[in-house]
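# Coordinates in review
Here is what each chain is made of, one letter per residue.
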Amino acid sequence: MPTEILMPALSPTMEEGTLAKWMVKEGDTVSSGDILAEIETDKATMEFEAVDEGVIGKIVVPEGTEGVKVNAPIAVLLEDGESADDIGATSAPAPAMAPAEAAPAATAPAAAKAAPAPAAPVKDGTRVFATPLARRIAADKGVDLTTLKGSGPHGRIVKADVNDLSTQKPSDSSAKQNANAGTPAMASGPSTDAVLKTYADRPHQEVSLDGMRKIIASRLTEAKQTVPHFYLRRDINLDALLKFRSQLNKNLEPRGVKLSINDFIIKACALALQQVPEANAVWAGDRVLQFEKSDVAVAVAIEGGLFTPVLQDADMKSLSTLSAEMKDLATRARDRKLAPHEYAGGSFAISNLGMFGIDNFDAIINPPHAAILAVGAGVKKPIIGQDGEITVGTVMSTTLSVDHRVVDGALGANLLNAIKDNLENPMGMLA
């Protein structure tokens, strides 16, 4: 029976994507692991690999098609001995948002009536649906296919099922995927029609929301509505840090390394999470997860949105290593080349707008993180010394946004104080 190739969920927040480019054509033979297509998610462009072997019998969704829903059929795979004549009503229509040139409008009604593919196989003596590779592996291992539940499309048994000998039911898998994706938060405020009516007589242009902007709007609305934020503020004297950084960069110049203020901030926050371990945590619905290592996310602005790539084990890494990793992550973030695991996770985030001349601001927590540090610019200010003498120093304003479900006021204050102490005594971060 022909197998539908479905639009994959390539990131935790992906609900639909763009089929940017097909790497195969109808009639091509593919094996497990072959690259089938490039798919643009809400965050990046990623390669989609085949999980079964066979022949591409039909491409249902043309390349360049936007708004392809997760789990929608995008192509049909044929097994040995099958032909295009066997496809019949297996293939489903392309999404409504497909480009006009992708499919003639006259074909839409017929496609819309296409019947869905059969559900999971019945195991009472009738045929058990499995890929040829899965059947061969099962024969070699002596595995009875009737004892397995398939994780492939419509319950088809694939290679991984035979190797693992146990899989989740499709309904359980779908439920977990939906739970991971989360339900988009509903935006409040006037309706689209009401806004359009209000500004109908004013010249304007409409800007469509891409996948990233929709996800940002949904997650930040959810964060402000559901996360009980509170805010802690401290000014940090950067004079010692600026002097120490200058000395380090001079010594590191032969190696081609140049440390930024942001590199020190990342290190200071990572160490602070070790010094105040109770704050190195995330909210997990009915419990709090507390971590041993410091995984720090850093906001990176890109065209049309932002990424928060995560520097794992940041407390264990040198400043030069953190600097190199951050540059690499930021570059690939702007090119939308980050893999999902590189911007998922972490317990703490940093948002630095100091390079844009912003003195101070309040950042929104990125769930399930417990806190985010908003960093402003370092500016010259009068400083009163312990002896009452007034001097001029470089001062940076910081605001720690905290999830009160995870971190209470005193604990948050200890965390921010630890960050301040690390930055004002930078040599100690190398000890």
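Definitions and cut-offs
- Residues numbered from 1 in each chain as written.
- Predicted model: local features only at pLDDT ≥ 70, side-chain atom pairs only at ≥ 80, totals over all residues.
- Heavy atoms only, no water.
- Helix = DSSP H or I, 4+ residues; strand = E, 2+ residues; numbered from the N terminus.
- Buried < 20%, exposed > 50% of the residue type's maximum accessible area, 1.4 Å probe, protein only.
- Contact = heavy atoms within 4.5 Å.
- Areas by Shrake-Rupley, 256 points an atom, 1.4 Å probe, with all protein chains shown as cover.
- Pairing = 2+ DSSP bridges.
- Core = buried A, V, L, I, M, F, W, Y, C linked by side-chain atoms within 4.5 Å.
- Salt bridge = Lys/Arg side-chain N within 4 Å of Asp/Glu carboxyl O.
- Phe/Tyr/Trp six-rings, centres within 6.5 Å; stacked < 30°, edge-to-face > 60°.
- pLDDT = per-residue confidence, 0-100.

A few words on the overall build of the chain. The helix and strand inventory of the chain stands at 10 helices and 18 strands. Taking all 431 residues of the chain together, the buried fraction comes to 42%. Contacts in the chain between residues far apart in sequence, at least 24 positions, make up 63% of those at least 6 positions apart. As presented, the chain carries roughly 22,800 Å² of accessible surface, and 53% of it is formed by carbon and sulfur atoms.

A few words now on the sheet that holds strand 18 (residues 390-403). The strand order 9-18-17-16-12-15 describes an open sheet built from 6 strands, whose pairing is mixed. What marks the edges here is a single partner per strand, and that holds for strand 9 (229-237) and strand 15 (310-311). In this sheet, strand 16 (residues 348-352) lies alongside strand 12 (residues 296-298) in parallel orientation, the contact comprising 3 bridges. Within strand 16, the residue paired with Ala-297 across the bridge is Ala-349.

For the rest of this paragraph, the subject is the sheet that holds strand 1 (residues 3-6). Here 4 strands make up an open sheet; going across it, the order is 1-8-6-3 and the pairing antiparallel. Two strands lie at the open edges of the sheet, namely strand 1 and strand 3 (29-30), each paired on one side alone.

The next point concerns the pairing of strand 18. Within a regular beta strand, the side chains point alternately toward one face of the sheet and then the other, so they alternate between its two faces. By the criterion of burial, strand 18 is predominantly enclosed, with 11 of the 14 residues buried. Judged from the 12 bridges that link them, strand 17 (residues 371-384) and strand 18 form a sheet pairing that is antiparallel. From the neighbouring strand, Lys-381 faces strand 18, where its bridge partner is Gly-393. Hairpin connection of strand 17 to strand 18: 5 residues between the antiparallel strands, including Gly-388 at a positive phi of 85°.

The subject of this paragraph is the nonpolar core. Membership of the largest hydrophobic core comes to 57 residues, with the highest contact counts inside it found for Phe-264, Phe-348, Leu-373, Leu-400, Leu-415 and Leu-423. When residues of this core are assigned to their parent elements, the largest contribution, 9 residues, is made by helix 8 (residues 261-275). Judged by nonpolar contacts, the second largest core, of 26 residues, contains Leu-10, Trp-22, Ala-37 and Ala-44.

Before going further, it helps to examine the pattern of salt bridges. Applying the stated criterion across every chain, the model contains 10 salt bridges. In this structure, Lys-214 and Glu-16 form a salt bridge, with 3.9 Å as the shortest nitrogen-oxygen distance. Placement of Lys-214 in helix 6 (residues 211-226) and of Glu-16 in strand 2 (residues 16-22) is noted, with a sequence separation of 198 residues between them. For Arg-332, the salt bridge goes to Asp-328, with nearest N and O atoms at 3.0 Å. Note that Arg-332 and Asp-328 are positioned in helix 9 (residues 319-334) at a spacing of 4 residues, about one turn of the helix. Among the charged side chains, a network of salt bridges with common partners joins Glu-16, Lys-69 and Lys-214.

With that settled, consider the environment of Ser-246. With respect to the helices and strands, the residue Ser-246 is situated in helix 7 (residues 239-252). According to the relative accessible area criterion, Ser-246 is partly exposed, its value standing at 47%. Each C-alpha atom of the pair Ser-246 and Ser-260 lies 9.9 Å from the other, and the pair is 14 residues apart in sequence.

Glancing now at the packing of aromatic side chains. For the structure on display, the rule yields 2 aromatic pairs. A centroid spacing of 6.3 Å and a plane angle of 70° characterise the contact between Phe-244 and Phe-264, whose relative ring orientation is edge-to-face. One end of the pair, Phe-244, is in helix 7; the other, Phe-264, is in helix 8, and 20 residues separate them in sequence. In this structure Phe-244 comes out as buried when scored by relative accessible area, which is 9%.

Should the pLDDT be low somewhere, the predicted coordinates at that spot are not to be read in detail. On average, residues of the chain score 82 in pLDDT, and 81% of them reach the 70 mark or higher. Between residues 89-123, whose pLDDT stays under 50, and residues either more than four places distant or in other chains, the model counts 48 contacts. Note that pLDDT drops below 50 for residues 166-187; the model gives that stretch 24 contacts with residues more than four away or on any other chain.

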